[in-house]
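Understanding the architecture of this molecule
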Amino acid sequence: MRRILGLDYGTKTVGVALSDELHITAQPLETITRKDANKLRKTYARIEELVKEYNVEKIVLGLPKNMNNTVGERGEDTLSFRDALVRRTGLEVILWDERLTTVASEKVLMESGVRRENRKKVIDQIAASMILQGYLDSL
């Protein structure tokens, strides 16, 4: 069976999570970082590598919405990122409401006793896991 990749797209990072082959659980995988928000070539290339390496069948991308359910500037950037992912990978990219996942991720890490300086390294991966797990639970 093939896997599903979960992404939490941010201005300087992309948190990455991966499903198991049975599509039951999501695990944090890595954080892709870049120096400039607009320099995405290496980010796309890394995602393409992960798609091949893990035999990914589709991507779930967190869509940041405002609390009133509208899509703001960050959401528009995410939609552009999705369009480029579809072109580059040829895979279906499902948008998933990601409201409050970063807040929830921070809470999980705090409750787990992860030191503040270490949280920044993994928070995007945890958020990507929550986005992907939400999608998997809906299946």
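Residues numbered from 1 in each chain as written. Predicted model: local features only at pLDDT ≥ 70, side-chain atom pairs only at ≥ 80, totals over all residues. Heavy atoms only, no water.

**Focus: the packing of aromatic side chains**
A ring pair, where both rings are aromatic, is described by two values, the distance of the centres and the angle of the planes. For the structure on display, the rule yields 3 aromatic pairs. Ring centres 5.7 Å apart and planes at 85 degrees place the aromatic pair Trp 96 and Tyr 135 in the edge-to-face group. Here Trp 96, found in strand β5 (residues 92-97), pairs with Tyr 135, found in helix α4 (residues 116-138); they are 39 residues apart in sequence, far enough to count as distant. Owing to a relative accessible area of 7%, Tyr 135 belongs among the buried residues under this scheme. (Phe/Tyr/Trp six-rings, centres within 6.5 Å; stacked < 30°, edge-to-face > 60°. Helix = DSSP H or I, 4+ residues; strand = E, 2+ residues; numbered from the N terminus. Buried < 20%, exposed > 50% of the residue type's maximum accessible area, 1.4 Å probe, protein only.)

**Brief notes about the nonpolar core**
Generally speaking, nonpolar side chains in soluble globular proteins are found buried as a group. Counting 20 residues, the largest nonpolar core has Leu 5, Leu 7, Ile 47, Ile 59 and Phe 81 as the members making the most contacts within it. Where this core is concerned, the elements lending two or more residues are β1 (3-9), β2 (13-19), α1 (41-53), β4 (56-63) and α2 (73-89). Sort the elements by how many residues they give to this core and α1 lands first, with 4 residues. Discounting chain neighbours no more than four positions away, the residues touching Ile 47 are Leu 5, Leu 7, Ile 32, Ile 59, Phe 81 and Leu 85. Core analysis: the second largest hydrophobic core is formed by 10 residues, Ala 26, Ala 128, Tyr 135 and Leu 136 among them. (Core = buried A, V, L, I, M, F, W, Y, C linked by side-chain atoms within 4.5 Å. Contact = heavy atoms within 4.5 Å.)

**A word on the sheet that holds β1**
Strand order in this open sheet of 5 strands is β3-β2-β1-β4-β5, and the pairing throughout is mixed. Whereas interior strands pair on both sides, the edge strands pair on one side only; in this sheet they are β3 (26-33) and β5. This sheet shows a mean twist of 25 degrees between the axes of neighbouring strands, independent of strand direction. Summarising the sheet, β1 and β4 pair through 5 bridges and their orientation is parallel. Across the sheet, residue Gly 6 finds its bridge partner in β4, namely Val 60. Running at roughly 150 degrees to β3, α1 makes contact with β1, β2, β3 and β4 of the sheet. The strands touched by α2 within the sheet are β1, β2, β4 and β5, with β4 carrying the most contacts at an inclination of about 170 degrees. (Pairing = 2+ DSSP bridges. Axes fitted to C-alpha atoms, helices over the stretch in contact; angles between N-to-C directions.)

**A look at the environment of Met 1**
Note on placement: Met 1 falls in the segment before β1. What Met 1 contacts, discounting residues up to four positions off in sequence, is Glu 21, Leu 22, His 23 and Asn 55.

**Description of the environment of Asn 69**
Relative to the assigned elements, Asn 69 resides in the loop between β4 and α2. In this structure Asn 69 comes out as partly exposed when scored by relative accessible area, which is 42%. Sequence spacing of Asn 69 and Val 14 is 55 residues, and the spatial spacing of their C-alpha atoms is 22 Å.

**Here we look at the pairing of β2**
Within β2, 7 of the 7 residues are buried, which leaves it mostly tucked inside the rest of the structure. Where burial is concerned, the two faces of β2 agree: the one with Thr 13, Gly 15, Ala 17 and Ser 19 and the one with Val 14, Val 16 and Leu 18 are both buried. Of the strand pairs in this sheet, β1 and β2 are connected by 5 bridges, and their pairing is antiparallel. The residue of β2 that forms the bridge with Leu 5 is Leu 18. In this structure, the hairpin formed by β1 and β2 is closed by a connection of 3 residues. What sits between β2 and β3 in their antiparallel hairpin is a turn of 6 residues, with His 23 showing a positive phi close to 65 degrees.

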